[in-house]
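These are the residues of each chain, in order.
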Amino acid sequence: MGKPIGVADYQLIVPKEELKKVVAQEVEAFAKELPPSDEEETRHD
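Considering the overall build of the protein chain
Then comes step 1: Assigned secondary structure in the protein chain consists of two helices and zero strands.
Then comes step 2: Residues classed as buried in the protein chain amount to 0% of the 45 residues present.

Notes on the pattern of salt bridges
Then comes step 1: Applying the stated rule across the entire model yields two salt bridges.
Then comes step 2: Between Glu-17 and Lys-20 there is a salt bridge; the shortest N-O distance is 3.9 Å. In this pair, Glu-17 and Lys-20 both sit in helix H1 (residues 16-33), three residues apart, roughly one turn of the helix.
Then comes step 3: We classify Glu-17 as exposed; its relative accessible area is 56%.
Then comes step 4: Given a relative accessible area of 47%, Lys-20 falls into the partly exposed group.
Then comes step 5: Between Lys-32 and Glu-28 there is a salt bridge, and its shortest N-O distance comes to 3.6 Å. Pair noted here: Lys-32 and Glu-28 are both in helix H1, with a separation of four residues, about one helical turn.
Then comes step 6: Given the relative accessible area of 64%, Lys-32 is considered exposed.

Some details on a nonpolar patch on the surface
Then comes step 1: On the surface, Tyr-10, Leu-12, Ile-13, Val-14, Leu-19, Val-23 and Val-27 cluster together into a nonpolar patch covering about 740 Å² of accessible area.
Then comes step 2: Structurally, the position occupied by Val-23 is in helix H1.

Conventions used here
Residues numbered from 1 in each chain as written. Predicted model: local features only at pLDDT ≥ 70, side-chain atom pairs only at ≥ 80, totals over all residues. Heavy atoms only, no water. Helix = DSSP H or I, 4+ residues; strand = E, 2+ residues; numbered from the N terminus. Buried < 20%, exposed > 50% of the residue type's maximum accessible area, 1.4 Å probe, protein only. Salt bridge = Lys/Arg side-chain N within 4 Å of Asp/Glu carboxyl O. Patch = residues over 30% accessible without salt bridge, like charges linked within 9 Å, V, L, I, M, F, W, Y side chains within 5 Å. Areas by Shrake-Rupley, 256 points an atom, 1.4 Å probe, with all protein chains shown as cover.

If you want it as structure tokens, here you go:
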């Protein structure tokens, strides 16, 4: 017992390094899909 309430043991289905690689690839692919934004237009100073 010894763990705070709400803390659970879990095991990743995919190894951590592989998961990080896949997430990085997805983020990169998503960034390429976005239209280029105009910095001045999106600013709200």
